Amino acid sequence: MSTVLLLEQLLNGLQFGVMLFLMAAGLTLIFGVMGLINLAHGSLYMIGAFAAASVAGFTGSFLLALMAALAAAAAAGALIEVTVIRRLYARDHLDQVLATFALILILSEGTRWLFGSFPLYLDVPAWLAGPVRLPGGIDYPRYRLAVIAVGLAVAGGLAWLIAGTRLGIRIRAGEADREMIAALGVDISRLYTLVFALGAALAGLAGALVGAIQSVQVGMGEPVLILAFVVIVIGGIGSIRGAFVGALLVGLTDTAGRVFMPILMQPLVGQQQAATVGSALASVAIYVLMALVLLVRPAGLYGRA
Amino acid sequence: MTEPGAILEVTGLRKRFGALQATDDVSLDLHAGEIHALIGPNGAGKSTLIGQISGALRPDAGRVAIAGQDVTAMDTAGRARLGLARTFQISALAMDMTVLQNVVLGVAGAQRGLWRFWRPALRDPALLAPARAALARTGLTGEAATQVAALSHGQRRRLELAMALVLRPRLFVMDEPLAGLGTDGSAALTRTLDTLRVEAPILLVEHDMDAVFRLADRISVLVEGRIVATGPPDAIRGDRDVRRAYLGEDGP
Amino acid sequence: MGRERIVNAALAVLLLGVPLWAHWAGEPFTITLATRAAILALAGVGLNLALGTGGLVSLGHAVFFGLGGYAMGILAHHAQTFTPLPLWDLPGTKSMPVIWLVAITGGALMAALIGALSLRSSGVYFIMLTLAFGQMCFYFAVSSPTYGGEDGLSIWVRNGFPGLNTLDPLQFFLLAYAVLMAVIWAMARIKASPFGLALAAARQSPARLDAVGARPFRLRLVAFVISGAVTALAGALFADLNRFVSPSMLSWQTSGELIVIVVLGGVARLYGPVAGAILLVTLEHYLGGISEYWQIALGAALLAVVLFARGGLIGALAGRPVAHD
């Protein structure tokens, strides 16, 4: 295996990782601040992708499409927070699981009703199409590099938001002690709506960015959602830093598995089946990683025990 | 201070939470037939100490022994099996179950009989008889079929005690059993506790000073994680450190 | 208990009566629907022990359901192709009792494994771990080309049960119904036993369980194993009903649907899953006939139950749970 291929796969893993981070950051923030487990986070990802694909279809502008994805997902997030989610904060996890499962059914079928069952496609804009020559002579898709850059920028922005702004202080205070910040006169329900909409917007952004790599269709959110759960379990629920580290670990593990497992499997099951068996085992690798991390650190890498 | 033959022996216990030394070199013991009360102002570290004695918290240093056996590394369930019966400050009861179901659960636990899957617990005389006896002693017979969630606060306190009784323990560790009871309820429960010490000694954490000085054979005073005095009630009443801790008096 | 007993009896009679009527009226499809409801109810009864009584929100019970399905699929596949099973040089089988035994054992072992890993955590971690292990098994099934991979496995003829003609819809329904009733009866015994009390207490007050000298972890693990075994049995029957098993039986949506069945009917109620399964199959059939987007209505109904009618159907019909005896 050549170094070029290895580096290329490393970048692929990184790109997958930052996408997972965009999903996981919202999930972990919502859990950390509001104590809510939100299965419908994948639906917000889907909404972002559909919004981007439709707006790109109408206007032809990728940037407008991205903005539409952010806006649509944030609006949808705020809407479901106000109508449904806020009734769930005081409920037990079972109620949260069920209600957000119900939201998935409604949002998925609603989207299918609006857009039909056929996948939509979102094209990579011309100014991001084609490969770029990296040092070391690697040709790598410009779009994927841009995705990595956007993901890292968002991670940096979030770190700044949490550590250095008033909103961030309130978010951290909300994680520590809900009654306290309410007592300090912070409008807690507005803060919650804001945090939920922020998480939703990140999911929508992820959906739109991935939508230009894969097809945009109903049900695209749930596999990513489950991986994002794995990410935050590994990173420690409630920790943004944990989500970042976990996302990169999962992204790299998954990509490495997909590339190397079929190669490793070839002598065992033969060339023909090596691809299928190998890729399936690669999906399993993430869960093995998760189990290992939890054996050593039951509350995840950065979780509070 | 610690004598051989104590049912509970705590030696050199230390526990730190960050900058707070919650338990600071605490030693105490509990002998057959006595009520040993543990008092101290709020935040003195009583709950932390009880947690380490019952097994819910791991001490940083020191040793806990029940009837001569070192239990420092043992979990709560293990200590319960050795005969430590604990009552909780905030009732820890199965709220959706009836009073009788709760107590029967305690009996089954004490008999190591929880791993039976087939015979209905409430039709097993071996479980029912001790349960009903404990309810009678705590005055809850009339509430046997009541759901715990529907009990009054005082009734829950008594159920806590009944749950401890059915364990047929070697010792009781009671965390504020009188908390929140009215005068009548408090007096009745105090009488019950008074008769209990012959069955098994009681380590009693309590804020009701009337009850403490009436019941206790010995009193230990915990201040900022340290035991500042141990002795019979009369000695404690006159102790300078105790007065200072409670009343803020600077002794002459 | 009084009113809940009446509701339970009514549900049992309804589930039995409808297919008997359908048989008389010559509507075999209705019998199939009732069989589907009975089998899904059985899976829900299994889940209810962990979820309802034990308070263990497993979002991975499809693993056991699918495992039961594959136990059926694999054994029958080898029997119909006259090939020996891999690893052991044994023939497959078309006998339901044998298949059930394999499904129950497999479900129990898998539940012991997943439970031992997941039950050390609690709350959200437990939910996410069961979900993740479920997904892992899903991908594993997708990956096994020997047994159909993504496309699943079909069997040509429904498996047999001694003394019955399982190809007759009514006889197969009665078999599933009998299994359901037997398991519900056993669950009632378990719930009333010292173990059942302890499991319920472990949900309501773990500290109390410690204080009476028991360890919640072991109780929960055993409950999880029983729960997984029952759900696996249901999976074997479900695959036999469809004469087909595919990875979708293992998917997380299936896990979600199993929870929906339990909650629609009434969490921790003995007949809750029966009510939930009847309701789900009825909605699926009638709403599905009206609009292909019927799941929007299902989602809305589910939201309404969670937000406004927390006792589920049995809660609405029989009021608050009353302690027995």
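These figures come from a predicted structure and were not determined experimentally.

(A) Structural context of the overall build of chain A. Along the backbone of chain A there are 11 helices and 2 strands. For chain A, the α and β elements follow one another from N to C terminus as α-α-α-α-β-β-α-α-α-α-α-α-α. In terms of overall dimensions, chain A is globule-like: its C-alpha atoms have a radius of gyration of 20 Å, near the 19 Å expected for 305 residues. When its C-alpha atoms are laid out on the principal axes, chain A stretches across 65 × 50 × 35 Å. Per-residue burial over chain A gives 52% buried out of 305 residues.

(B) Spotlight on the overall build of chain B. Counting secondary structure elements, chain B contains 9 helices and 10 strands. Its C-alpha radius of gyration of 19 Å places chain B within 12% of the 18 Å reference for a compact globule of 252 residues. By its C-alpha atoms, chain B is 65 × 40 × 35 Å across when sized along the principal axes. Looking at chain B residue by residue over its 252 residues, the buried ones come to 47%. For chain B, long-range pairs separated by at least 24 residues make up 64% of all intrachain contacts whose partners lie at least 6 apart in sequence.

(C) Structural detail: the nonpolar core. Ala52, Ala69, Val230 and Val233 of chain A together with Ala132 of chain C are the most contacted members of the largest nonpolar core, which has 305 residues in total. The two domains that each donate at least three residues to this core are domain 1 (1-83 + 169-252) and domain 2 (94-168) of chain B. Setting aside residues up to four positions removed in sequence, Ala52 of chain A forms contacts with Ala65, Leu66, Ala68, Ala69, Leu122, Ala208 and Gly211 of chain A.

(D) Molecular detail of helix H11 (residues 272-290) of chain C. The end-to-end C-alpha distance of H11 of chain C, which contains 19 residues, comes to 27 Å, matching closely the 27 Å that a straight helix rising 1.5 Å per residue would cover. Structurally, H11 of chain C contributes buried residues whose contacts are with helix H1 (2-25), helix H2 (28-53), helix H10 (252-265) and helix H13 (312-318) of chain C.

(E) A look at the domain arrangement of chain B. All names here are of chain B. If you check the domain split of chain B, you get domain 1 (1-83 + 169-252) and domain 2 (94-168). Centre-to-centre separation of domain 1 and domain 2, based on C-alpha positions: 26 Å. Each partner contributes to the interface: domain 1 provides 9 residues, whereas domain 2 provides 10 residues. Looking at the side of domain 1 that touches domain 2 element by element, the count peaks at 3 residues for helix H6 (residues 183-196).

(F) Spotlight on the sheet that holds strand S3 (residues 35-39) of chain B. All names here are of chain B. Strand order in this open sheet of 6 strands is S6-S7-S8-S3-S9-S10, and the pairing throughout is mixed. This sheet does not close on itself; its edge strands, each paired only once, are strand S6 (84-87) and strand S10 (226-231). Each strand axis lies, on average, 15 degrees off the axis of its neighbour in the sheet, ignoring direction. Bridging between strand S9 (residues 218-223) and S10 involves 5 bridges; their strand directions are antiparallel. Counterpart to Ile219 in the pairing with S10 is Gly231. Across the sheet, helix H5 (residues 153-165) lies against S6 and strand S7 (171-175), angled at about 175 degrees from S6, the strand it touches most.

(G) Main features of the packing of H1 of chain C against H2 of chain C. All names here are of chain C. Two elements in contact, H1 and H2, have axes whose closest approach is 8 Å; the angle formed by their N-to-C orientations is 160 degrees. Put simply, H1 runs roughly antiparallel to H2. Handedness of the H1/H2 crossing: left-handed. Mapping the contact onto sequence places Leu15, Val18, Pro19, Ala22 and His23 in H1 and Thr30, Ile31, Ala34, Ala37 and Ala38 in H2. A class-by-class count of the residues in the contact of H1 with H2 yields 8 nonpolar, 2 polar and no charged.

(H) Just the confidence of the model for chain A, in detail. Model confidence for chain A is summarised by a mean pLDDT of 88, while 96% of its residues fall at 70 or above. Within chain A, no element has a lower average pLDDT than helix H7 (residues 178-183) of chain A, which sits at 69, and none a higher one than helix H3 (residues 62-83) of chain A, at 96.

(I) How the structure looks around the pairing of strand S4 (residues 61-66) of chain B. Residues and elements named next belong to chain B. Bridge analysis of strand S1 (residues 8-17) against S4 gives 5 bridges, and the strand direction is antiparallel. From the neighbouring strand, Val10 faces S4, where its bridge partner is Val64. Two strands pair when backbone bridges link them, and S4 and strand S5 (residues 69-70) are joined in this way by 2 bridges, in the antiparallel orientation. When the sheet's bridge partners are listed, Ala65 is paired in S5 with Asp70.

(J) How the structure looks around the packing of helix H7 (residues 194-204) of chain C against helix H9 (residues 216-242) of chain C. All names here are of chain C. Running from amino to carboxyl end, H7 crosses H9 at an angle of 115 degrees, the nearest separation of the two axes being 10 Å. Here H7 and H9 pass one another in a crossing that is left-handed. Across the interface between the two elements, Ala198, Leu199 and Ala202 of H7 pack against Pro216, Leu219, Arg220 and Ala223 of H9.

(K) Representation of the interface of chain B and chain C within the structure. Across the boundary between the two partners, chain B contributes 32 residues, which contact 22 residues of chain C. Within the residue set of the side of chain B that touches chain C, elements represented by two or more residues are helix H2 (76-81) and helix H3 (99-110) of chain B. Considering every element that reaches the side of chain B that touches chain C, the biggest residue donor is H3 of chain B, with 7 residues.

(L) Just the interface of chain C and chain A, in detail. Each partner contributes to the interface: chain C provides 36 residues, whereas chain A provides 35 residues. Along the lines of polarity and charge, the residues of the side of chain C that touches chain A split into 27 nonpolar, 8 polar and 1 charged.

(M) Focus on the arrangement of the chains. Among the 2 pairs of chains that make contact, the interface with the largest number of contacts is formed by chains A and C. One finds no contact between chain A and chain B; the C-alpha atoms of the two approach each other to within 14 Å at their closest.

(N) Highlighting the environment of Met110 of chain C. Residues and elements named next belong to chain C. Mapped onto the elements, Met110 comes out in helix H4 (residues 96-118). For Met110 and Ala304, which are 194 residues apart along the polypeptide, the C-alpha to C-alpha distance reads 34 Å. Discounting residues that sit within four places of it in the chain, Met110 has contacts with Val63, Phe64, Leu67 and Gly228.

(O) How the structure looks around the sheet that holds strand S2 (residues 20-30) of chain B. With antiparallel pairing, the 4 strands of this open sheet are ordered in space as S2-S1-S4-S5 (chain B). Looking at strand neighbours, the two that pair on one side only are S2 and S5 of chain B, the edges of this open sheet.

(P) Representation of the pairing of S3 of chain B. Residues and elements named next belong to chain B. When you tally the buried positions in S3, you get 5 out of 5 residues, the bulk of the element. Across the two faces of S3 the burial is the same, with Ile35, Ala37 and Ile39 and His36 and Leu38 all buried. Bridge count for S3 against strand S8 (residues 202-205) is 4 bridges, and the pairing is parallel. Across the sheet, the residue bridging to Leu38 is Val205, located in S8. Of the strand pairs in this sheet, S3 and S9 are connected by 4 bridges, and their pairing is parallel. Residue Leu38 lies in a different strand from S9, and its bridge partner there is Ser220.

(Q) Spatial organisation of helix H9 (residues 221-235) of chain A. For H9 of chain A, built from 15 residues, the straight-helix expectation of 21 Å at 1.5 Å per residue is met to within 8% by its first-to-last C-alpha distance of 21 Å. The element H9 of chain A is extensively covered by neighbouring structure, given that 14 of its 15 residues are classed as buried.

Calculation criteria
- Residues numbered from 1 in each chain as written.
- Chains lettered and ligands numbered in written order.
- Predicted model: local features only at pLDDT ≥ 70, side-chain atom pairs only at ≥ 80, totals over all residues.
- Helix = DSSP H or I, 4+ residues; strand = E, 2+ residues; numbered from the N terminus.
- Rg over C-alpha atoms; globule rule 2.2 N^0.38 Å.
- Buried ≥ 20, exposed ≤ 12 C-beta atoms within 10 Å, placed from the backbone.
- Contact = placed C-beta atoms within 7 Å.
- Core = buried A, V, L, I, M, F, W, Y, C linked by C-beta atoms within 7 Å.
- Domains from an automatic or database assignment.
- Expected span 1.5 Å × (residues − 1).
- Pairing = 2+ DSSP bridges.
- Axes fitted to C-alpha atoms, helices over the stretch in contact; angles between N-to-C directions.
- Parallel < 35°, antiparallel > 145°, perpendicular 65-115°, else oblique.
- Left-handed = near helix turned anticlockwise from the far one by under 90°.
- Nonpolar A, V, L, I, M, F, W, Y, C, P; charged D, E, K, R; others polar.
- pLDDT = per-residue confidence, 0-100.

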